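Structural overview for review
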Amino acid sequence: MFLPSLRDVTVVVVTKDSAHCLDGLDPLLSCCEHVIVSDNASGDGTADRVATLWPHARVLRHPLNLGFGAANNRALDQVGTPWAFLLNPDCVVSASALETLLSASLDFPDAAVVAPELSDPNGRREINYRWPLTVWPSTGPGADGPVCVGFVCGAAMLFRLSAFEGVGFFDETFFLYYEDDDLCLRLFQDRRPMIVVPGAIARHFSRGSVRGDAPWRSEYTRGFHHAQSKLIFVSKHRSCAEANRLRRRLIALTVVSLPLRVLAFSPRLIARMWGRLCGLLQWRLSSKLAVSGASS
């Protein structure tokens, strides 16, 4: 009977100004034979430090920030092992936890994705799985054992690559955020199982993967792309009309909330909300241009 080991999996990490996260990844990546780091034009020396820490790693140095999904896709195109483990740089996973996921993948051979349960830095459980947003809301406590779900957070996912034939990987229309929702929904619709294994834990330092010299700009970028990706997801999987209704509602909420953030003087939240507003407005502009271009 074939028993998978760490030599049968390639760990894929997408980085962007993530040098501060690398020490946390070292216990896992140092003992994994196959590692690909897909670096989105970091300005903090991330790619060079990766090459120093893990000489066995393959470093993809992209001249521009391709976005999360696209950078993962470039790495996945070069994976030669049966499994790929996609790991955010702000997630800490032990080698034994990855071995637990590999064992579960053997127990559930039809599963396209096997994922750990996330915890916060203090060890508190984060329920990072549910049913798709387009199906029904998920309620209730977390699972006590392996469970089949309709969505797992993209922070840590083990892919059985053969199970993705005919579905593909990430839709690069999503620059940042909702690319995991989209991929999981496509797998769910095609009846490709996704399994969460609570016995394997990934400590998630949420929103900790990027740290540049302009934190306000980072928050603006988060708000901008979260707004755009939310509308892209709704227009793709529901309708353009519903996306436009959602856009109008979000613009109204943001316009009302932004002055309150200014009064409370929370610079990070102000930057994020301003980015959200700009993302909402520019999404409408890009939609008009797309329609105009299609009709000309």
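Read on for an overview of the structure.

Quick notes on the pattern of salt bridges
- For the structure shown, the criterion picks out 14 salt bridges.
- One continuous salt-bridge network, built from bridges that share partners, spans Asp171, Asp182, Arg186 and Lys236.

Concerning the packing of aromatic side chains
- Counting across every chain of the model gives eight aromatic pairs.
- Taking 5.9 Å as the distance between ring centres and 65° as the angle between the ring planes, the aromatic pair formed by Trp131 and Phe188 counts as edge-to-face. In this pair, Trp131 is assigned in the loop between strand E8 (129–130) and strand E9 (147–149) and Phe188 in helix H5 (residues 179–189), connecting sequence segments 57 residues apart.
- For Phe188, a relative accessible area of 28% gives the class partly exposed.
- On the numbers, 6.4 Å between centres and 40° between planes, the contact of Phe159 with Phe170 is tilted. A residue pair is termed long-range when its members are at least 10 positions apart, and Phe159 in strand E11 (residues 156–160) and Phe170 in the loop between E11 and H5 qualify at eleven residues.

Points about helix H7 (residues 240–264)
- Spanning 25 residues, H7 covers 35 Å between terminal C-alpha atoms, matching the ideal 36 Å at 1.5 Å per step.
- At Ser257, H7 shows its largest bend, some 25°, and a proline, Pro259, comes one to four positions later.
- Those residues of H7 lying buried are Ala243, Asn244, Leu246, Arg247, Leu250, Ile251, Thr254 and Leu258.

Concerning the pairing of strand E12 (residues 194–204)
- Counting buried positions along E12 yields eight of eleven residues, so the element is predominantly enclosed.
- Note: strand E5 (residues 91–92) against E12, two bridges, orientation antiparallel. When the bridges of E12 are listed, Cys91 appears paired with His204.
- As paired strands, strand E6 (residues 113–119) and E12 are joined by seven bridges and run parallel to one another. Directly across from Pro116, in E12, lies its bridge partner Val197.

The rules behind each value
- Residues numbered from 1 in each chain as written.
- Predicted model: local features only at pLDDT ≥ 70, side-chain atom pairs only at ≥ 80, totals over all residues.
- Heavy atoms only, no water.
- Salt bridge = Lys/Arg side-chain N within 4 Å of Asp/Glu carboxyl O.
- Phe/Tyr/Trp six-rings, centres within 6.5 Å; stacked < 30°, edge-to-face > 60°.
- Helix = DSSP H or I, 4+ residues; strand = E, 2+ residues; numbered from the N terminus.
- Buried < 20%, exposed > 50% of the residue type's maximum accessible area, 1.4 Å probe, protein only.
- Expected span 1.5 Å × (residues − 1).
- Bend = angle between axes of the 7 residues up to and from the residue.
- Pairing = 2+ DSSP bridges.

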